[in-house]
Amino acid sequence: MTVRRLLASIHDVTPVHAARLDRLVPIVEAAVGAGRYALLVVPDFHRRGRLTGDPQFERRLRGWADAGCEIFLHGFTHIDESDHAGAAARWKASRMTAGEGEFLGLSTLDAEARIAEGRDMIEQLTGRPIAGFVAPAWLYGEDSLAALAAQNVLMIEDHFRVWNPQTSAVLARGPVVTYASRSRARIASSILWSRLATGLLARASTVRLAVHPHDVDSPRLLREIARALSAFARTHRPSAYAELLPGRFS
Ligand SMILES: [Zn+2]
């Protein structure tokens with residue numbers, strides 16, 4: 001029998017969002033179980049909240065990792081500080097990502113430095129290797145992809161797939177179910193997509209559902225997230241991304 005997997009993740013895990021995470025984490029845990037979701041950690045979110053400057057948050061992160069949560073590195077600052085060459089690149093960076101595409105325009109050298117420093121911070125804190133890397137806004141430039149391969153990162157993902165940046169082997173396909181909280185129109189369209197997705201993806205072998213701290217600002221979004229997670233958890237086993245790696249059949 002095929003195992004259908006649900007990979008739930010919480011993006012933008014940072015001391016800056018500690019209060020929102022207090023509300024979001026219990027909703028995710030109620031649907032998928034403690035330790036059965038991934039956390040995407042930003043080492044210095046918007047250069048306003050270094051992970052290692054907050055002992056209370058450090059303890060929380062260690063606790064989540066000890067409970068079984070997979071910890072992914074999620075950029076370093078999460079803001080796009082690159083000087084994009086060309087009008088098209090500038091447009092894409094500012095309009096498509098609201099300035100959050102940190103890894104879209106970085107040079108390989110700069111990307112490697114951020115990956116290495118962020119990974120070190122997280123691994124020293126949790127005592128475990130990171131599960132992988134997810135670029136802010138799921139956007140990668142060519143140079144960032146080369147940096148991830150050079151840094152020996154084994155798993156990355158974008159909106160449509162999960163893959164190994166060294167071998168380009170695709171580990172899972174399918175659109176991620178996620179939510180936008182920036183405006184009423186975006187909230188309405190995310191709720192519509194989420195409702196459709198529970199039907200459309202009911203037989204998909206892997207379903208990814210990603211939530212963000214700002215989702216808690218909308219009660220409608222929170223209700224839909226709880227509904228969608230519970231619906232998927234009935235058809236798909238809440239699982240770890242690591243199970244997608246070759247040789248892992250658990
Ligand atoms: Zn993010």
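Residues numbered from 1 in each chain as written. Predicted model: local features only at pLDDT ≥ 70, side-chain atom pairs only at ≥ 80, totals over all residues. Heavy atoms only, no water.

1. Remarks on the packing of aromatic side chains
What the rule picks out here adds up to five aromatic pairs. Consider the rings of Phe72 and Tyr241, whose centres lie 4.9 Å apart with planes at 70°: the pair is edge-to-face. Placement of the pair is Phe72 in strand E3 (residues 70-73) and Tyr241 in the segment after strand E10 (237-238), with a sequence separation of 169 residues. Of the two residues, Phe72 and Tyr241, neither departs from the other in class, the shared state being buried. Ring pairs connect the aromatic residues Phe103, Phe133, Tyr140 and Trp163, which therefore count as one cluster. One cation-aromatic arrangement involves Arg161 over Trp163; the distance from NZ or CZ to the ring centre is 3.8 Å. (Phe/Tyr/Trp six-rings, centres within 6.5 Å; stacked < 30°, edge-to-face > 60°. Helix = DSSP H or I, 4+ residues; strand = E, 2+ residues; numbered from the N terminus. Buried < 20%, exposed > 50% of the residue type's maximum accessible area, 1.4 Å probe, protein only. Lys NZ or Arg CZ within 6 Å of the ring centre and 35° of its normal.)

2. What about the coordination of the zinc ion?
Of the protein atoms, only Asp12 (OD), His74 (NE2) and His78 (NE2) coordinate the zinc ion, at distances of 2.0 to 2.1 Å. Along the chain, the residues that donate to the zinc ion are spaced as D-x61-H-x3-H. For the residue pair His74 and His78, the accessibility class agrees, reading buried in each case. (Donors = N, O, S within 2.8 Å, 3.2 Å for Na, K, Ca; no water.)

3. Thoughts on the pattern of salt bridges
Between side chains of opposite charge, a pair can form when the charged atoms approach closely. On inspection of all chains with the given rule, the structure shows 15 salt bridges. A salt bridge links Asp22 to Arg60, with the nearest nitrogen and oxygen atoms 2.7 Å apart. Here Asp22, found in helix H1 (residues 18-32), pairs with Arg60, found in helix H2 (residues 55-66); they are 38 residues apart in sequence, far enough to count as distant. Counted as one network, the salt bridges with shared partners bring together Arg47, Glu81, Glu102, Asp110 and Arg114. (Salt bridge = Lys/Arg side-chain N within 4 Å of Asp/Glu carboxyl O.)

4. Some points on the pairing of strand E2 (residues 38-41)
Residues of E2 alternate between two faces, with Ala38 and Leu40 on one and Leu39 and Val41 on the opposite face, all of them buried. One ladder, built from three bridges, connects strand E1 (residues 5-13) with E2; its direction is parallel. Bridging from a neighbouring strand, Ile10 pairs with Leu39 of E2. Following the chain from E1 across H1 to the adjacent parallel E2, one finds a crossover that is right-handed. (Pairing = 2+ DSSP bridges. Right-handed = clockwise from strand over helix to strand, strands pointing away.)

5. Digging into the layout of surface pockets
What the largest pocket holds in volume is close to 940 Å³. Along the walls of the largest pocket sit 35 residues, with Trp138, Tyr179, Ala180, Arg182 and His212 positioned nearest its centre. Looking at the lining of the largest pocket, the elements that each hand over two or more residues are E1, strand E8 (176-178) and helix H6 (184-200). Ranked by residues supplied to the lining of the largest pocket, first place goes to H6 with four residues. Of the residues belonging to the lining of the largest pocket, the class tally is 15 nonpolar, 13 polar and seven charged. For the second largest pocket, the calculated volume is near 200 Å³. Lining the second largest pocket we find 13 residues, and of these Ile130, Ala131, Gly132, Leu154 and Leu245 sit closest to its centre. Class assignment for the residues of the lining of the second largest pocket results in eight nonpolar, two polar and three charged. (1 Å grid on protein atoms, 1.4 Å probe; cavity = no way out; pocket = protein on both sides within 12 Å on 5 of 7 lines; lining within 4 Å. Points joined across faces, edges and corners; volume = space filled by probe spheres on them. Nonpolar A, V, L, I, M, F, W, Y, C, P; charged D, E, K, R; others polar.)

Geometric values such as these leave the question of function open.
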